[in-house]
Amino acid sequence: MDRNPSPPWRELEAEAETEAEAEGAGGDAIGATIYSKHWLFGVLSSLIQLINPEKAKADDEEEEPTELDEELENEICRVWDMSMDKDVALFLYEFNAPDIFMGVLAKTKCPRLMEICVGILGNMACFQEICVSISNDKNIGQTLLHCLYDLDPPTLLEISRLLLTCLSQPQVASVWVERIRENPAVYDSICFIMSSSTNVDLLVKVGEVVDKLFDLDEKLMVEWIRNGTNEVLDQSSEDLEEKSPLKIVPCVLEAAKQIRSDNPVGLDVYMHILQLLTTVDDGIQAIVQLPDVGRDTWNFLSDLACHEFCQPGDPPIILQEQKTVLASIFSVLSAVYVSQAEQEYIKMEKSLPLIGSLIRVLHNMEDCQQRSVNLDSNREETEKSDVTEEDFHLKVLKDVSCELLSNVFQDLTKENIIQALKEDHLNKQKCFCAFKNLLPLYCSVVEDFLKVLCDVDKLLADDLEKDLPSLKAQTKN
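Criteria and cut-off values
- Residues numbered from 1 in each chain as written.
- Predicted model: local features only at pLDDT ≥ 70, side-chain atom pairs only at ≥ 80, totals over all residues.
- Heavy atoms only, no water.
- Phe/Tyr/Trp six-rings, centres within 6.5 Å; stacked < 30°, edge-to-face > 60°.
- Helix = DSSP H or I, 4+ residues; strand = E, 2+ residues; numbered from the N terminus.
- Buried < 20%, exposed > 50% of the residue type's maximum accessible area, 1.4 Å probe, protein only.
- Lys NZ or Arg CZ within 6 Å of the ring centre and 35° of its normal.
- Axes fitted to C-alpha atoms, helices over the stretch in contact; angles between N-to-C directions.
- Left-handed = near helix turned anticlockwise from the far one by under 90°.
- Contact = heavy atoms within 4.5 Å.
- Parallel < 35°, antiparallel > 145°, perpendicular 65-115°, else oblique.
- Nonpolar A, V, L, I, M, F, W, Y, C, P; charged D, E, K, R; others polar.

A.B. asks: Help me understand the packing of aromatic side chains, please; the structure alone is not making it clear to me.
C.D. replies: The relative placement of two aromatic rings is captured by the distance of their centres and the angle of their planes. Applying the stated criterion across every chain, the model contains seven aromatic pairs. Ring plane angle 80 degrees and centroid distance 5.8 Å describe the contact between F214 and W224, whose orientation is recorded as edge-to-face. In this pair, F214 sits in helix α13 (residues 200-216) while W224 sits in helix α14 (residues 218-234), placing the two residues ten residues apart along the sequence. Exposure remark for F214: the relative accessible area of 3% places this residue in the buried category. For W224, a relative accessible area of 4% corresponds to the buried category. When the ring of W298 is compared with that of Y337, the centres are 6.0 Å apart and the planes differ by 35 degrees; the resulting orientation is tilted. Within this pair, whereas W298 is found in helix α19 (residues 291-307), its partner Y337 is found in helix α20 (residues 319-340), the two being separated by 39 residues in sequence. The exposure class assigned to W298 is buried, which follows from its relative accessible area of 3%. For Y337, a relative accessible area of 4% corresponds to the buried category. Grouped by ring-pair contacts, the aromatic residues F41, F91 and F95 constitute a single cluster. Against the face of W39 rests R78, its NZ or CZ located 4.3 Å from the ring centre.

A.B. asks: Help me out: how do you make sense of the packing of helix α17 (residues 264-277) against α20 in this one?
C.D. replies: Packed helix pairs are specified by the crossing angle of their axes together with the interaxial distance, meaning the distance between the axes. Two numbers describe how α17 lies on α20: the axes approach to 8 Å, and their chain directions differ by 35 degrees. Considering the relative orientation of α17 and α20, their crossing is left-handed. Judged by residue contacts, L267, D268, M271, H272, L274 and Q275 of α17 engage T324, V325, S328, I329, S331 and V332 from α20.

A.B. asks: Please explain unusual backbone geometry as it appears in this structure.
C.D. replies: Keep in mind that most residues, glycine aside, have a negative phi and that most peptide bonds are trans. Put simply, L439 and P440 share a cis peptide bond, and its omega is 0 degrees. One can find P440 in the loop between α24 (428-438) and α25 (443-456). Look at D424: it is not a glycine, yet its phi comes out positive at around 65 degrees. Within the secondary structure layout, D424 lies in the loop between α23 (414-422) and α24.

A.B. asks: Looking at this model, I keep getting lost on helix α6 (residues 97-107). Mind explaining?
C.D. replies: Every α-helical turn comprises 3.6 residues, leaving residues that sit three or four positions apart pointing alike. Most of α6 is tucked away: eight of the eleven residues are buried. Residues of α6 that are buried include every one of A97, P98, I100, F101, M102, G103, V104 and L105, and no others.

A.B. asks: Where do I start with the packing of helix α7 (residues 111-124) against helix α10 (residues 153-167) in this structure?
C.D. replies: Where α7 meets α10, the axes come as close as 8 Å, and the angle between the chain directions of the two elements is 15 degrees. Relative to α10, the element α7 is oriented roughly parallel. Between α7 and α10 the crossing geometry is left-handed. Packed against α7, whose contacting residues are P111, M114, E115, V118, G119, L121, G122 and N123, the element α10 presents P154, T155, E158, I159, R161 and L162 at the interface. Classifying every residue of the contact of α7 with α10 by side-chain character gives seven nonpolar, four polar and three charged.

A.B. asks: For this particular structure, what's the right way to read the environment of M348?
C.D. replies: Its place among the elements puts M348 in helix α21 (residues 348-378). Sequence separation between M348 and D411 is 63 residues, and the spatial gap between their C-alpha atoms is 7.6 Å. Those residues in contact with M348, other than ones at most four positions away along the chain, are Y337, V408, D411, L412 and N416.

These figures capture arrangement, not role.
Here is the structure:
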């Protein structure tokens, strides 16, 4: 890949010296800040000297250092902190600091220096006009993507943060999507990070980048799905032993397992990635076509649903914190269940605990919805939009929970129900809650379930019809 050419060092050095002399007489503050232009010029000049071609030629016989001088590191880190200020960021941009940083990235072998330079660019990109300018510069874009192939986790974290910032800017998001599409090695790098890194912060940020990419461009998502899947399906078993291409679904699962206990927000991101994958047929096939991938997906998500979220001792209100991740989990499980219900890993006796979890979610949801109604009556008009958003996410969770529960209920046999009742995955209260939520949309499912339940426990079936007067009328229509 072509790297960004070195900037005109002599011109930049001369400009730095001229500006420093001019500012020495007064007006040294940057914008409305207390930061010194003169000091900042000095730091940038030091950076230029580090990668000055003449200096590099003179030091050609010496191996380039991989460690940064402590004093210079402290000064550049101060610039990193300062660059969060808009006045400083604009001043750096006007002084062509991005070109200096590109020169550093193209020449240095010092990971810490790369991390800091990318971090400063990431801060600068938080401001729209700088973000647009950086994004539209092809050389800068190529150099930054090239940094994704680096093995240094801190640098990778800062690159991911910068990419996410740019992808979140509507004016330039499409530029980055297309640039990433044109660089297939980005897929390999991101999959490698997800499948092998143990750095939780890096995994979360890379997940956010992937989630944003897939949300922005379905075509790119399908391309990434097909990248590994088609290669695997075309290979013989001997080839697979020699070369196992990275596939998006196993990589996402591996990252999710790594951050499972350490970062709930990150886990939510990875579950949403899986949900996005199941919105296209290629994504569903990528999960279920290979038995090992389907089994790993089902087992991991089922374990999350049954043992990680909305547990029996949890207060119902905790569902407000878990509603989006649970919606993603249940949505993926439903897609896998419909596609692979005959698989061994989805045998009904192994799925009974999932019934209890789904019903517990629906029960707690009723409590949250009632709380939302009570809060709504007491909130000011300006705060009601937040309540509406909460209601929307709860409705999505209810819809996907009922869909998955209805799919499972349809396959319950007499023996399954006996086992579920014995293990307390089902009882009168849980059946009541399930029916109340499934009706009237899944009326036929409830009717079929009741027919089987009558053979197992007629008294329970009669009690349910008695406690839900509308149940009998709906199931008889």
